[in-house]
Amino acid sequence: MDIDGDAEEFSRRVQVRFVTKLQPPFKVPATSIAIPSNLTRMGLSAVVNNLLQAGNPDWNSEPFDFLINRELVRMSLEEFLLAKGISAEKILEIEYIKAVAPRREEDPSLHDDWVSAVDGSNPGFILTGCYDGLGRIWKAAGLCSHILEGHGAAITSVSVIKPKGVESNSDQFLATASKDRTLRLWKFDMQETLDHPRKITAYKVLPGHNASVQSVAAQPSGQMVCSGSWDCRINLWQTNEIDKGGDLVSIKKRKVDNEDEESQSEGEAVSTLVGHTQCVSSVVWPQNDTIYSASWDHSVKRWDVETGKDSLNMFCGKVINCLDVGGENSALIAAGGSDPILRIWDPRKPGTLAPVFQFSSHSSWISACKWHNKSWFHLVSASYDGKVMIWDLRTAWPLAVIDSHKDKVLCADWWRGDSVVSGGADVKLRISSEISVQ
């Protein structure tokens, strides 16, 4: 058999029908057309844009991605069909979606030291933590409204607390973790109109760890936060100010140099989860009764909050820096660490704890990973290689590579569903916006 001859013949024309779940004006006619099979994603995108322009002279070209049998096409059509063993004799149905890539880079938001932590879970603001020991609240690119002052060393992790049952849209609660071995809890008024950034102090300090606190995560109910530390422990803490069933924290204000200074209380850990043998580098709290943790001891654990016991213990053979839980039914575990590989596990699969996906486009350690909260397929990763990458489980290649940082990227998150926020050793918070995730 003349393989090359067959491939050449095969590459000439394929009958296709383009379909989409996008609403008008993004729909093309449902009729089939013949196209060259050597077209790549760019060529397919040009065909769809030409079809859309034929029905709408005012159409402005859009970049598209393409799926065949629910898998993203990342090679020529010809190569894809040959690789997947798909016949070109029948009409091929190709679904198109908006390309997932930032269309805009906002101006950087400058800090005084490395930007080590970021939380974009509230659409109204971005929370950052910095090696100068300060937390900052940003309403938009370059617009800092509040400065969180009080830590005695670098902030390593930040978390927005979203209390259940608190109706106020203005009062916001935050948690920060630091190399000073403490956590701090903060409250601020998001509706305040300020001419310059306002300095605020924590309403509660949480000492109790014996080493640097590396990660903090809030319970979905907002009643507690958990923290992971270099002392190998995970502590659970009441947030008090929010927990209506607990003792309310008394906060008295006094004027000091025209700034409101609040008296602080100290809290004790309500319980401690013990089992890791090295630094607990990352904690997430996706359900009220379940905490996940990652460690430099190469393990990922799942904890029952009620009993304090671990119900899952996975080893990946590498130091783990970051962890997140999301994807399909919020069941997939993503983690990155001391190699360039982003690994994803599905603990629902019986009999094996091998990763179900491994993405290897980074060239250095992975510092952060975060699932998109509205998509089963999309997540973002950050690396010491200076790049932020957007991934889709339906292809092994990154959908987008954001290289706006000029040094190690230390943290990344989604914001408002259509933006990626990231910070790094170049002392900048970057916002990459207008990303279409479906």
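Everything numeric here is computed off the predicted structure, so don't read it as measured data.

With that settled, consider the sheet that holds strand β19 (residues 233-238). Strands sit in the order β17-β18-β19-β23 across an open sheet of four strands; the sheet is antiparallel. A single partner strand is all that each edge strand has here, and the edge strands are β17 (213-218) and β23 (271-274). Taken over all neighbouring pairs, the strand axes of this sheet differ in orientation by 20 degrees on average, direction set aside. Direction of pairing for β17 relative to strand β18 (residues 224-229): antiparallel, over a ladder of five bridges. Residue Ala217 lies in a different strand from β18, and its bridge partner there is Cys226.

Under the defined criterion, the tally for this structure stands at 12 aromatic pairs. Taking 6.1 Å as the distance between ring centres and 15 degrees as the angle between the ring planes, the aromatic pair formed by Phe357 and Phe359 counts as stacked. Phe357 gets classed as partly exposed once you look at its relative accessible area, which sits at 27%. Taking the relative accessible area as the measure of exposure, Phe359 reaches 3% and is therefore buried. Seen in terms of ring centroids, Trp365 and Tyr384 are 6.2 Å apart; in terms of plane orientation they differ by 20 degrees. Their pairing is stacked.

Quick look at the side chain of Gln219 now. Looking at the element boundaries, Gln219 is found in the loop between β17 and β18. Accessibility expressed as a relative area gives 7% for Gln219, which makes it buried. A polar contact of 3.1 Å, which involves the side chain of Gln219, links it to the backbone oxygen of Asn288. Non-local contacts of Gln219, meaning those with residues more than four positions away in its chain, are made with Met224, Trp285 and Asn288.

Let's shift gears to the nonpolar core. Nonpolar side chains in soluble globular proteins tend to end up buried together. By size, the foremost hydrophobic cluster in this structure holds 25 residues, and its most contacted members are Phe18, Phe64, Phe66, Ile68 and Leu92. Listed by contribution, the elements that provide at least two residues to this core are β1 (14-19), α2 (41-55), β3 (64-68), α3 (77-84) and β5 (92-98). In this structure, Val100, Leu399, Ile402 and Ala412 belong to the second largest nonpolar core, which totals 18 residues.

Per the stated rule, a full pass over the model turns up zero disulfides. Between Cys322, a cysteine without a disulfide, and Cys369, which holds the nearest cysteine sulfur, the sulfur-to-sulfur distance is 3.7 Å. Cys322 gets classed as buried once you look at its relative accessible area, which sits at 5%. Free cysteine Cys411: the closest other cysteine sulfur is in Cys130, separated by 9.8 Å.

In space, the five strands of this open sheet follow the order β12-β13-β14-β16-β22, with mixed pairing throughout. Single-partner strands in this sheet number two, and they are β12 (155-161) and β22 (265-266). For strand β14 (residues 183-189) and strand β16 (residues 204-206), the ladder comprises three bridges, and the chain directions are antiparallel. Paired with Leu183 across the bridge in β16 is Leu206.

A few words now on the confidence of the model for the chain. Where the model shows low pLDDT, its predicted coordinates should not be examined in detail. Mean pLDDT over the chain: 91, with 91% of residues reaching 70 or higher. Contacts for the low-pLDDT stretch residues 1-10, under 50 throughout, to residues beyond four places or in other chains number seven contacts. Across residues 242-261, confidence stays below pLDDT 50; counting only partners more than four residues off in sequence or on other chains, it has 36 contacts.

Taking 1.5 Å of rise per residue, the 15 residues of α2 would be expected to cover 21 Å, and the 22 Å separating its terminal C-alpha atoms lies within 8% of that figure. Within the span of α2, buried status applies to Gly43, Leu44, Ser45, Val47, Val48, Asn49 and Leu52. Here the buried face of α2 lies against β1, β2 (33-35), β3, α3 and β5.

What follows concerns unusual backbone geometry. That bond from Pro24 to Pro25 is cis: its omega, 10 degrees, falls within 30 degrees of zero. In this structure, Pro25 sits in the loop between β1 and β2. In this structure, Arg70 is a non-glycine residue whose phi angle is positive, near 65 degrees. One can find Arg70 in the loop between β3 and β4 (71-72). Here Arg70 falls in the exposed class, since its relative accessible area comes to 72%.

About the thresholds
Residues numbered from 1 in each chain as written. Predicted model: local features only at pLDDT ≥ 70, side-chain atom pairs only at ≥ 80, totals over all residues. Heavy atoms only, no water. Pairing = 2+ DSSP bridges. Helix = DSSP H or I, 4+ residues; strand = E, 2+ residues; numbered from the N terminus. Axes fitted to C-alpha atoms, helices over the stretch in contact; angles between N-to-C directions. Phe/Tyr/Trp six-rings, centres within 6.5 Å; stacked < 30°, edge-to-face > 60°. Buried < 20%, exposed > 50% of the residue type's maximum accessible area, 1.4 Å probe, protein only. Polar contact = N/O pair within 3.5 Å; in protein donor to acceptor, adjacent residues only side chain to side chain. Contact = heavy atoms within 4.5 Å. Core = buried A, V, L, I, M, F, W, Y, C linked by side-chain atoms within 4.5 Å. Disulfide = S-S within 2.5 Å. pLDDT = per-residue confidence, 0-100. Expected span 1.5 Å × (residues − 1).

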